[in-house]
Structures are given as C-alpha cells and as structure tokens.
Amino acid sequence: MNSRPSRNPVPWRVSTPGRVCLFGEHQDYLDLPVISAAISLRLSIEGRLRPDLHVRVSAPDISKDFGFDLNATSNRIGGTIGLGAIGWRKFLINGVEVLRRRGYTFSRGIDCTIRGEIPIRGGTSSSSAMVVSWINLLARMSDQGKELSPEDCALLAHMAEVDMAGGVGGKMDQYATAVGGVLFQSFHPDTRVEPMPAKLGTFVLGDSQTQKDTQAILAKVKSRVLGIVKTVLERHPEFSLQTVHPSEIDRYMDEHASGDRTFMRATIRNRDITREGYTLLKRPDPAAADLGALLNEQHSILGGTLGISTPKIDAMIAAALRSGAAGSKINGSGGGGCMFAYAPGAPEAASAVAEAIAGQ
C-alpha cells in the first residue's frame, strides 16, 4: 500500500495491490494460518476535497458512478443504506463510519476516482484492496489528516468490509493487501503477521472470466466445517482445529458420516500444508519443486474434497503444469475466478506457461 500527496494537499492518490493465497485457502475464517503474497496488479483511488459534504465516486473501468452524503452515514449502517449498483457503496459508507468511531471528523466531502487492474470477483481481493485504499485515503483527507499504519488500515478495513457488512470471510485479504509482500498470517490466539524472506520469482495469474459468488461459497464451506466442529465439541470439549492430529480424526468423529470425516481430514491437511509451506518459505531460496508439490496437493484438496474448483480452472491448471510450471492451484474462495501457476526461472518459461493458460 502506498500514497502520494501533493503539496497542496489535494489531490491525494493511494494505491493497494491485489493478492494470491499461496497456502491456507478457506482457513483464515477458522482462525487457522495462511500464507499470502501481494501481486503486481493494483487498485488506486484519487481524491479531491469538495466544498460540501457529498462524496462522489467514479469507477470508469466498469462505467459506474455513485455517491452519498457524509451526513447520511451517521447512525445508518449496512443494509439501511443499501449496496448500490456495484456492491461497493456499502463498504465505502462503512469506511466513513469506522473512522468516525475512531474519532475522525469530516467537514468536507470528496470527489474520487477508482481505477484498478485487479480482476473483479476473481479471488484476488479487489474489494479488500479498494476498502484498504479507501480507509487510507479517508484518514489522510479527514480533518485530522492522519497517516495510518498498514496494520491499522487492515484492521479498520476488516471492520468495514466484514464486521459491519455481515461478511463471512477472515482477515487474510485485508492484511495481505495493506501490508504487501509474502506474509505468514496467524490468528490464534492473536493476529500475527510475519513477512517471509523467500525470493520466489514469477507467478502467472490466469483469469477464468467466470465471476463467482464469494460470500455464498465462503458461507457454504465455512458453515459445514463449523457445524462439524460444533458437534465434535459437544462430546469432546478439548477438540481444537489448531492442535488436532490427523490420526485423531476417527476417534473424535466416530459417530459422524464418512463424508464429514473426509471433509475434516481435508481441512486438517490443508492446515498442515500451510505449516509445511511456512517452513519452506523461511528459507531465502526454497526448492521450486517442493513448493510446487505443496501447491498441487492443496489444489487437489480444494478441487476434490472441498469442491470449489471448476472444469475451466482445472483445465487451466493442467495446461500450466504440462507447460513446465512447478505447481498450480485455484486462488480465492472458488467457484470461478482465478488460478495461478508458479513459474520460476527464465522469463521465457513463464511466458510459455502464460500462453498455455490463455489457450484454455
């Protein structure tokens, strides 16, 4: 995340990257760790102060314009104002309210323009990049004119995008986009964000051009896992997703259907793949083959047991692997959106992988 104020102090411009999830898909909302990586595609917001209390937002990339009055946001949160044409208006209004609750005041409105390179509803956190940028911009353009730390931007963005909006996701997206780089994120018992030293080389992002219903998919997978955990805890209060060993699943779930046991084993294996990925990424130069093997195994869990992949994405991944990628997986909540392939080495190797993905 970065910002560039003029001397004036307007206009202001903030910019935030999208992200991929290397390891731990569908884990952060369970308070299990994840490893994220910022990508080179970014979203930017440029804003100018207005003489009144109106906020006017232009999103020319998607031919949308909308606005709201700053006075109208006081004590009116979430569904009382509505989502607007593109589903982002709610997040922007919540962002104002979050900062007001922290003591920020706004005596002037804003004209702003949102532009982005990040695929929309593609699993690369376009909405979180927007909310993080918006929180950053608002704090700087407030009457207090304060600069927030990346971690504060992430925390406040999560409040606006998830807590106040009734979302079902975890905190990965907000921290991944606000802090940037390759991050190990853990959430139990407290949130911890650790930059990883590994130098990974090139990843190729492929967009299936199939937009997904992120909240519906997250809710479906999350509700199943939490439902299983709830029934296990009724008989085994010592059970914990953070500590349970794979060999203990049958003992804890002896009265559950085989499908539930398989689902829980997949969740725990996904957790352990993330831990193995953490060990690899603690090294400055992790072996590409080892990292790729973990990516491939994780995709087999996400696409197989969790069932969040699509035939189009599976074909893109298969083409990437045939063309020499070290590993590949679906990215994001699933049901469409993007995948990525790990293609370290010479630039022509990554180009060959990109061509293979584009041909599907």
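Residues numbered from 1 in each chain as written. Predicted model: local features only at pLDDT ≥ 70, side-chain atom pairs only at ≥ 80, totals over all residues. Heavy atoms only, no water.

**So, empty space enclosed by the protein**
Under the defined criterion, the tally for this structure stands at one cavity of 30 Å³ or more. Within this model, the largest cavity holds a volume of roughly 40 Å³. Lining the largest cavity, in full, are E25, H26, Q27, V225, A266, T267, N270, I301 and L306. The biggest single contributor to the lining of the largest cavity is helix 7 (residues 258-281), with three residues. (1 Å grid on protein atoms, 1.4 Å probe; cavity = no way out; pocket = protein on both sides within 12 Å on 5 of 7 lines; lining within 4 Å. Points joined across faces, edges and corners; volume = space filled by probe spheres on them. Helix = DSSP H or I, 4+ residues; strand = E, 2+ residues; numbered from the N terminus.)

**Some words on the side chain of R261**
Residue position: R261 is located in helix 7. Every residue in contact with R261, bar those within four places of it in the chain, is listed here: I249, D250, M253, D254 and H256. (Contact = heavy atoms within 4.5 Å.)

**Comments concerning the environment of I317**
Considering the arrangement of structural elements, one finds I317 in helix 9 (residues 311-322). Its relative accessible area of 5% is what places I317 among the buried residues. Distance from I317 to A356, taken between C-alpha atoms, is 9.3 Å for residues 39 residues apart in sequence. Non-local contacts of I317, meaning those with residues more than four positions away in its chain, are made with H299, S328, K329, I330 and M339. (Buried < 20%, exposed > 50% of the residue type's maximum accessible area, 1.4 Å probe, protein only.)

**Description of the confidence of the model for the protein**
Averaged over all residues, the pLDDT of the protein equals 90, while 93% of them reach at least 70. Counting contacts from residues 74-86, a segment whose pLDDT is below 50, to residues more than four positions away or on other chains yields 27 contacts. (pLDDT = per-residue confidence, 0-100.)

**With respect to the packing of helix 3 (residues 150-163) against helix 4 (residues 172-179)**
At a closest axis distance of 8 Å, the pairing of helix 3 and helix 4 adopts a crossing angle of 145°. Handedness of the helix 3/helix 4 crossing: right-handed. Each of P150, E151, C153, A154, L155, A157, H158, E161 and V162 in helix 3 lies in contact with helix 4, whose residues at this interface are Q174, Y175, A178 and V179. For the contact of helix 3 with helix 4, the class distribution of residues is nine nonpolar, two polar and two charged. (Axes fitted to C-alpha atoms, helices over the stretch in contact; angles between N-to-C directions. Left-handed = near helix turned anticlockwise from the far one by under 90°. Nonpolar A, V, L, I, M, F, W, Y, C, P; charged D, E, K, R; others polar.)

**Focus on the packing of aromatic side chains**
For the structure on display, the rule yields four aromatic pairs. Each ring, one from F239 and one from Y252, has its centre 5.1 Å from the other, and the planes form 75°; the classification is edge-to-face. Of the two residues, F239 sits in the loop between helix 5 (214-235) and helix 6 (249-252) while Y252 sits in helix 6, which places them 13 residues apart along the sequence. Among the aromatic residues, those joined into a cluster by ring pairs are F203, F340 and Y342. (Phe/Tyr/Trp six-rings, centres within 6.5 Å; stacked < 30°, edge-to-face > 60°.)

**Describing the nonpolar core**
Ranked by size, the top nonpolar core spans 58 residues in total, and within it L22, F23, L241, M264 and L281 carry the most contacts. Setting aside residues no more than four positions away along its own chain, L22 makes contact with I35, S36, A37, V182, L200, F203, L281, L295, Q298, K329 and F340. By size, the runner-up hydrophobic cluster in this structure holds 42 residues, among which are V57, V96, V98 and V132. (Core = buried A, V, L, I, M, F, W, Y, C linked by side-chain atoms within 4.5 Å.)

**Regarding the side chain of S133**
Mapped onto the elements, S133 comes out in helix 2 (residues 126-141). Those residues in contact with S133, other than ones at most four positions away along the chain, are V14, S15, T16, L43 and I45.

**A word on the packing of helix 2 against helix 4**
For any two helices packed against each other, the geometry is given by the interaxial angle and the distance between the axes. Viewed as axis vectors pointing N to C, helix 2 and helix 4 meet at an angle of 60°, and their least axial separation amounts to 9 Å. Accordingly, the angle class assigned to the pair helix 2 and helix 4 is oblique. Taken as a pair, helix 2 and helix 4 cross one another with a handedness that is right-handed. Counted together, S128, A129 and V132 of helix 2 and D173, Q174, T177 and A178 of helix 4 form the full contact between these two elements. (Parallel < 35°, antiparallel > 145°, perpendicular 65-115°, else oblique.)

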